[in-house]
Amino acid sequence: MLRKIWNTLRYGEKRTKSFLISVMVLILAVIGCVAAAIVTRSPLFWVASVALALITAVVTKDAALVVIKDNAAIEAVGEDVIKAEIAKQKRLKRQKKEEEKERKAADKKELSEKKPKEKNSREKEVPKEPREAETSEKELPEKEPREKKPRKKKTREEEAAEQAEADEEDFGEDALANMTEVKLKKLLVRYKVKQEHIPVIIDLCVSEHVKQTPGFAWISGGSLKILLIESKPRLIERPCGEFQVLEVERGIAVRASHEYTELRKTDLMSRVFTPYLPRYHKKALGGRTVLLKNLYILGGDMKFSSGSVNGLRKLLPLRIEMKDRKVQEREVSAYYKELFLTSFLWQDGILTLEDYQKEVEQVLESMALADISYNEFDTNLSEMINAGLLPAEYRKFAYAKREQGKTEKEDKRGGKKSKKKEK
């Protein structure tokens, strides 16, 4: 019997082999449980052994096994197995070929349905066979359109609306208060902010309904674009052609408690934009101290903080003009007005001390070399020093430049005369 079982395990069918192995495993499990029950005297192992014995009996009850007795039977069974395997492989190949044909046919019909129909053609559709129609309907997605329509370009309003919706999802009701470094980077990418951007602060712009708002400015497509970081971020843009001058609005009285309150609430925004805030100046008026700031107007109505000016001048070739009544009404020289503006920009933090010194020396040198009388030169110099625009130490520098210029002129004249005499 054991030999028959062994032959069956070696040369029998897979199903028979697996059945015999499972029965053997069950029998071994029953024997193991009985042994454990005897050793440990535990009722659980007795229950387990009885349960496994019942399962083994049920499994083997209706099974009809064909065991292989001798070598002749082994060869016969081997041949039968080989023949059955060959027939099975042939059957599988036929099924694969049929499935491949059906799949190719379905793909062709799907492609033909997706092609756009010509407007003038009135060809009738060929009815599908029931089987082909079912396969194509199952394979094609339900919501896919049969004709591809050209995509329409989105208008600026549509893009702005989509961006606003995305911003609202990311930041909630207040983007300025909920801003983080990760969200800020994501916002810059979403609005396609260039790497050559600069932080700016718009103190006031009535036409755009902006008040004390930080943002990022850059040049793109001949326009100045500014991404405003408000409760809901938005983009404004103006053509660069209309920007040539930054006009100074001087001496605006403010209350410190009302200045940039929203911006100072957020640590990140405060850290990023504090260097671009206005520079505040204290002045005594009527026995009390008043806080003043200066703004710089671009394009007629966009008023920027003093801290934003240097960045704007990097983006745009802007010159700064001051239309101060006191300076305009006084009968002073052009050099005085130029030096007044230079001193003002230095005090407002736009010019560094080094830049201020260079500007002062250029103004004094041009005045020293100008074709004006000594009295006029001395009067201009005294007015500048008395007004506090120029330290007194620069008087010597100015006179030295004038004497140097005078000597150079005389040398040129002497050279011309000697050349004439030689001739």
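Residues numbered from 1 in each chain as written. Predicted model: local features only at pLDDT ≥ 70, side-chain atom pairs only at ≥ 80, totals over all residues. Heavy atoms only, no water.

Caption draft 1: Focus on the overall build of the protein. Summing up its helical and strand segments, the protein has 15 helices and nine strands in all. Counting every position in the protein, which comprises 423 residues, the buried fraction comes to 31%. The contacts in the protein between residues at least 6 apart in sequence include a share of 59% that link residues at least 24 apart. Working note: accessible area of the protein is about 30200 Å², and carbon and sulfur atoms make up 53% of it. (Helix = DSSP H or I, 4+ residues; strand = E, 2+ residues; numbered from the N terminus. Buried < 20%, exposed > 50% of the residue type's maximum accessible area, 1.4 Å probe, protein only. Contact = heavy atoms within 4.5 Å. Areas by Shrake-Rupley, 256 points an atom, 1.4 Å probe, with all protein chains shown as cover.)

Caption draft 2: Region of the structure containing the pattern of salt bridges. Overall, the coordinates contain 13 salt bridges when judged by the stated rule. In this structure, R238 engages E208 in a salt bridge whose closest nitrogen and oxygen atoms are separated by 3.8 Å. Placement of R238 in strand β4 (residues 234–239) and of E208 in the loop between β1 (198–205) and β2 (210–220) is noted, with a sequence separation of 30 residues between them. The shortest N-O distance in the salt bridge between E321 and R319 comes to 2.9 Å. Judged by relative accessible area, E321 falls into the partly exposed class, the value being 26%. If you follow the salt bridges from partner to partner, you end up with E208, E230, R234, R238 and D301 in one network. (Salt bridge = Lys/Arg side-chain N within 4 Å of Asp/Glu carboxyl O.)

Caption draft 3: Fine view of helix α14 (residues 374–386). Taking 1.5 Å of rise per residue, the 13 residues of α14 would be expected to cover 18 Å, and the 18 Å separating its terminal C-alpha atoms lies within 8% of that figure. Of all the residues in α14, the buried ones are F377, N380, L381, S382, M384 and I385. Backbone geometry just downstream of α14 places G388 in the positive-phi region, at approximately 80°. (Expected span 1.5 Å × (residues − 1).)

Caption draft 4: Local environment of the packing of aromatic side chains. Counted according to the given criterion, the structure contains five aromatic pairs. Ring centres of Y374 and Y399 lie 6.0 Å apart, and the angle between their planes is 35°; this geometry places the pair in the tilted category. Highlighted residues: Y374 in helix α14 and Y399 in helix α15 (residues 394–422), separated in sequence by 25 residues. Note on Y374: relative accessible area 47%, which makes it partly exposed. (Phe/Tyr/Trp six-rings, centres within 6.5 Å; stacked < 30°, edge-to-face > 60°.)

Caption draft 5: Highlighting unusual backbone geometry. We note that K192 has phi near 55°; this positive angle belongs to a residue other than glycine. By secondary structure assignment, the location of K192 is in the loop between α7 (181–190) and β1. On the basis of relative accessibility, which here comes to 70%, the residue K192 falls in the exposed class.

Caption draft 6: Looking closely at the nonpolar core. Judged by nonpolar contacts, the single largest core of 50 residues is most densely connected at I202, I226, Y296, L298, M302, L364 and L390. The next biggest cluster of nonpolar side chains, apart from the first, holds 20 residues, and it includes L187, V193, F216 and M269. (Core = buried A, V, L, I, M, F, W, Y, C linked by side-chain atoms within 4.5 Å.)

Caption draft 7: Region of the structure containing the environment of K17. Its place among the elements puts K17 in helix α2 (residues 14–40). A sequence separation of 12 residues divides K17 from I5, and the C-alpha atoms of the two residues are 9.4 Å apart.

Caption draft 8: Main features of the packing of helix α12 (residues 334–347) against helix α13 (residues 353–368). Two numbers describe how α12 lies on α13: the axes approach to 10 Å, and their chain directions differ by 175°. Considering the angle they form, α12 stands roughly antiparallel to α13. Residue-level contacts link Y335, E338, L339, T342, S343 and W346 of α12 to L353, Y356, E359, V360, V363, S366 and M367 of α13. (Axes fitted to C-alpha atoms, helices over the stretch in contact; angles between N-to-C directions. Parallel < 35°, antiparallel > 145°, perpendicular 65-115°, else oblique.)

Caption draft 9: Examining the pairing of strand β6 (residues 281–285) more closely. Here β6 runs beside strand β7 (residues 288–298); their pairing, made up of five bridges, is antiparallel. Looking at the pairing, H281 lines up with L292 of β7. (Pairing = 2+ DSSP bridges.)

Caption draft 10: View of the confidence of the model for the protein. Overall, the predicted model of the protein reaches an average pLDDT of 80, with 74% of residues at or above 70. Contacts for the low-pLDDT stretch residues 68–77, under 50 throughout, to residues beyond four places or in other chains number 13 contacts. When the criterion is pLDDT under 50, residues 118–141 qualifies, and its contacts beyond four places in sequence or with other chains add up to 12 contacts. (pLDDT = per-residue confidence, 0-100.)

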